[in-house]
Amino acid sequence: MPDHGTYDRLISLLDSSSVDYKLIDHEPEGTTEAVSALRGHPVSEAAKCIVLRVKVDRRTTRHVLAVVPGDRRVDLDAVKTLFAARYVGFSDTETAERLAQAVPGTVLPFSFDPELELVTDPDVVAQPRLYFNAARLDRSLSLSGADYERVARPRVERVASPALT
């Protein structure tokens with residue numbers, strides 16, 4: 001049986017914060033486009049969560065959880081500028097899983113590790129309803145962008161690529 005510790009921690013946080021959320025069970029799926037179709041909403045309403053490695057200088061590496069709308073990509077140059085960094089790239093899988101406390105495809109738009117700084121694009125918190133896998137491939141969660149911002153307390157910065165027109 002899979003370890004659902006991160007899922008349980010999320011549910012406890014939302015319950016203790018009096019957040020109105022909805023759980024959605026579905027076939028196991030971790031890709032944003034496919035799981036959005038299973039949940040029945042536009043991909044733009046999904047929270048895509050990417051763990052990044054940010055080299056500020058030769059000795060300082062930070063880890064950032066970037067959250068962007070599901071139909072967009074993380075703008076690595078924007079993150080580089082935001083942190084005045086020398087380099088920004090995707091974290092290796094082992095580090096990402098350890099810091100996010102979840103496997104790829106199930107990473108939450110919340111950080112439960114002080115080493116993982118949460119940065120969320122303003123278009124995510126502006127969503128009336130936001131959808132994401134709830135640290136499980138077979139269950140998702142929906143809540144308002146405003147409740148997400150209130151509970152997760154991310155640094156809100158423009159880190160998504162421009163929307164395709």
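Use the structure listed above.
Structure report, in brief. (Residues numbered from 1 in each chain as written. Predicted model: local features only at pLDDT ≥ 70, side-chain atom pairs only at ≥ 80, totals over all residues. Heavy atoms only, no water.)

**Brief notes about the overall build of the protein**
Counting its regular elements, the protein contains six helices and eight strands. Taken from N to C terminus, the helices and strands of the protein fall in the order α-β-α-β-β-α-β-α-β-α-β-β-α-β. A compact globule built from 165 residues would reach a C-alpha radius of gyration of about 15 Å, and the protein, at 15 Å, matches this within 12%. Across its three principal directions, the C-alpha atoms of the protein cover 45 × 40 × 30 Å. By the burial criterion, 49% of the 165 residues in the protein qualify as buried. Within the protein, contacts between residues separated by at least 24 positions form 68% of all contacts whose residues are at least 6 apart in sequence. Across the protein, the 21 positively charged side chains and the 25 negatively charged ones have centroids separated by 6 Å. (Helix = DSSP H or I, 4+ residues; strand = E, 2+ residues; numbered from the N terminus. Rg over C-alpha atoms; globule rule 2.2 N^0.38 Å. Buried < 20%, exposed > 50% of the residue type's maximum accessible area, 1.4 Å probe, protein only. Contact = heavy atoms within 4.5 Å. Lys, Arg positive; Asp, Glu negative; His and termini not counted. Charge placed at Lys NZ, Arg CZ, Asp CG, Glu CD.)

**Focus: the sheet that holds strand S5 (residues 116–120)**
Strands sit in the order S4-S2-S3-S5-S8 across an open sheet of five strands; the sheet is mixed. The two strands at the open ends of the sheet, each matched to only one other strand, are strand S4 (87–90) and strand S8 (155–156). By the bridge criterion, four bridges tie strand S2 (residues 47–55) to S4 in an arrangement that is antiparallel. Opposite arginine 53, over in S4, you have glycine 89 as the bridge partner. (Pairing = 2+ DSSP bridges.)

**Regarding the nonpolar core**
In terms of nonpolar packing, the biggest core is built from 31 residues, with Leu10, Phe110 and Tyr148 touching the most fellow members. Apart from the residues lying within four places of it in its own chain, the contact partners of leucine 10 are Leu108, Phe110, Phe112, Phe132, Ala134 and Leu141. Within the second largest apolar cluster, 13 residues are counted, among which are Leu52, Val64, Val88 and Val159. (Core = buried A, V, L, I, M, F, W, Y, C linked by side-chain atoms within 4.5 Å.)

**Observations regarding the sheet that holds strand S6 (residues 130–133)**
Within the open sheet, the three strands sit side by side as S1-S7-S6. Their pairing is antiparallel. Every interior strand has two partners, whereas the edge strands, strand S1 (22–25) and S6, have only one. Across the sheet, the axes of successive neighbouring strands diverge by a mean angle of 25°, strand direction being ignored. Taken together, the four bridges between S6 and strand S7 (residues 139–143) define a ladder with antiparallel strand orientation. Bridge assignment links phenylalanine 132 to a residue of S7, and that residue is leucine 141. (Axes fitted to C-alpha atoms, helices over the stretch in contact; angles between N-to-C directions.)

**As for the pairing of S7**
Of all five residues that make up S7, five are buried, and the element is covered over most of its length. Because side chains alternate across S7, one face comprises the buried residues Arg139, Leu141 and Leu143, and the other comprises Ser140 and Ser142, equally buried. With four bridges connecting them, S1 and S7 associate as antiparallel partners. Across the sheet, the residue bridging to lysine 22 is serine 142, located in S7.

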